[in-house]
Amino acid sequence: SNLTSAEFSLNSDLNSRLKIQSPEEVKCIQGEEKSFQVKVENTGDIESVNTDLELEGPVNSNINPKSAEIDKGEVEVFVVNLMPEENSELVRKNSTLKLNSLNFDTEKEITVSVGASNQSRESIKEDYKNLTDYFKSKSNQLRELAVSGMNVNTTEDLKYSLRDLN
């Protein structure tokens, strides 16, 4: 998977840095949980940084662990579970990974997309078929009216031609 990194300074005097590695985009399906990892590394000079991670995005999520104490030179792996509902909106949106520490908040953009479940796809296909059948039927009716000599070139012509049928 495509991983991107972002490095942020906590305080230039203390030279504390947290490096975040995460996928650029995460794709999930309506009604199906999807997990991905976010790695946070303490690359600065502070011995230990306590931080928590949250995701602001188009679907519900939970993160494990919610927070961690990351020692200098160490990496903490957070697991983000996306939990889109069966009727979640089909979207592709920029979302925000937020890293919160004492005197330090930072954000990293990732893209979260929600695709259609098989059930939604079948429902969309059925709706499309029904609408296609409906419009074919109306097209055939117009053709029959035209063949019978009625002027059906515009909506106004059609209304005028049908006025006596009401």
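A brief structural summary. (Residues numbered from 1 in each chain as written. Predicted model: local features only at pLDDT ≥ 70, side-chain atom pairs only at ≥ 80, totals over all residues. Heavy atoms only, no water.)

## Topic: the overall build of the chain
- Across its full length, the chain carries two helices and ten strands.
- Helices and strands appear in the chain in the N-to-C order β-β-β-β-β-β-β-β-β-β-α-α.
- Looking at the chain as a whole, 29% of its 166 residues are labelled buried.
- Within the chain, contacts between residues at least 6 apart in sequence are counted, and of these 56% link residues at least 24 apart.
- Accessible surface computed for the chain: about 10,700 Å², of which carbon and sulfur atoms make up 45%. (Helix = DSSP H or I, 4+ residues; strand = E, 2+ residues; numbered from the N terminus. Buried < 20%, exposed > 50% of the residue type's maximum accessible area, 1.4 Å probe, protein only. Contact = heavy atoms within 4.5 Å. Areas by Shrake-Rupley, 256 points an atom, 1.4 Å probe, with all protein chains shown as cover.)

## Digging into the environment of Ile63
- By the element assignment, Ile63 lies in strand S6 (residues 60–64).
- Along the chain, Ile63 and Val79 lie 16 residues apart, while their C-alpha atoms are 5.6 Å from each other.
- Apart from residues no more than four positions distant in its own chain, Ile63 is found in contact with Leu53, Glu54, Leu55, Phe78, Val79 and Val80.

## Considerations on the pairing of strand S8 (residues 75–83)
- By the bridge criterion, eight bridges tie strand S4 (residues 34–42) to S8 in an arrangement that is antiparallel. Pairing of Gln37 across the sheet is with Val79, part of S8.
- Inspection of the sheet shows S6 paired to S8 by five bridges, in the antiparallel sense. Paired with Asn64 across the two strands is Val79, which belongs to S8. (Pairing = 2+ DSSP bridges.)

## Digging into the nonpolar core
- Within the largest apolar cluster, 23 residues are counted, with the highest numbers of intra-cluster contacts made by Val38, Val40, Leu53, Val80 and Leu82.
- At the level of elements, strand S2 (17–23), strand S3 (25–29), S4, strand S5 (48–56), strand S7 (67–71), S8, strand S9 (91–101) and strand S10 (104–115) are the ones that each hand at least two residues to this core.
- Residues in contact with Val80, not counting those within four places in the same chain, are Lys34, Ser35, Phe36, Val38, Leu53, Leu55, Ser61, Asn62 and Ile63. (Core = buried A, V, L, I, M, F, W, Y, C linked by side-chain atoms within 4.5 Å.)

## Details of the pattern of salt bridges
- Within this structure, the stated rule accounts for seven salt bridges.
- Where Lys72 meets Glu47, a salt bridge forms, and the shortest distance between an N and an O atom there is 4.0 Å. Placement of Lys72 in the loop between S7 and S8 and of Glu47 in the loop between S4 and S5 is noted, with a sequence separation of 25 residues between them.
- Exposure remark for Glu47: the relative accessible area of 53% places this residue in the exposed category.
- Among the ionic pairs, Lys129 bridges to Asp133, the shortest N-O distance being 2.8 Å. (Salt bridge = Lys/Arg side-chain N within 4 Å of Asp/Glu carboxyl O.)

## Some words on unusual backbone geometry
- Cis geometry marks the peptide bond from Asn64 to Pro65; its omega dihedral reads -5°.
- Along the polypeptide, Pro65 turns up in the loop between S6 and S7.

## Concerning the packing of aromatic side chains
- Per the counting criterion, the structure on display carries one aromatic pair.
- Residues Tyr134 and Phe135 carry aromatic rings whose centres are separated by 5.3 Å and whose planes lie at 75° to one another, so their mutual orientation is edge-to-face. (Phe/Tyr/Trp six-rings, centres within 6.5 Å; stacked < 30°, edge-to-face > 60°.)

## Notes on a nonpolar patch on the surface
- Residues Leu131, Tyr134 and Phe135 make up a contiguous nonpolar surface patch of about 340 Å² in total accessible area.
- Structurally, Leu131 is set in helix H1 (residues 118–147). (Patch = residues over 30% accessible without salt bridge, like charges linked within 9 Å, V, L, I, M, F, W, Y side chains within 5 Å.)

## Some points on the side chain of Asn42
- Tracing the backbone through its elements, the reader meets Asn42 in strand S4.
- By relative accessible area, Asn42 is classed as buried at 0%.
- At 3.2 Å, the side chain of Asn42 forms a polar contact with the backbone oxygen of Ile46.
- Within polar-contact distance, the side chain of Asn42 engages the backbone oxygen of Ile70 at 3.1 Å.
- Excluding anything up to four places from it in sequence, Asn42 contacts Arg17, Leu18, Glu47, Ser48, Val49, Ile70, Asp71, Lys72, Gly73 and Glu74. (Polar contact = N/O pair within 3.5 Å; in protein donor to acceptor, adjacent residues only side chain to side chain.)

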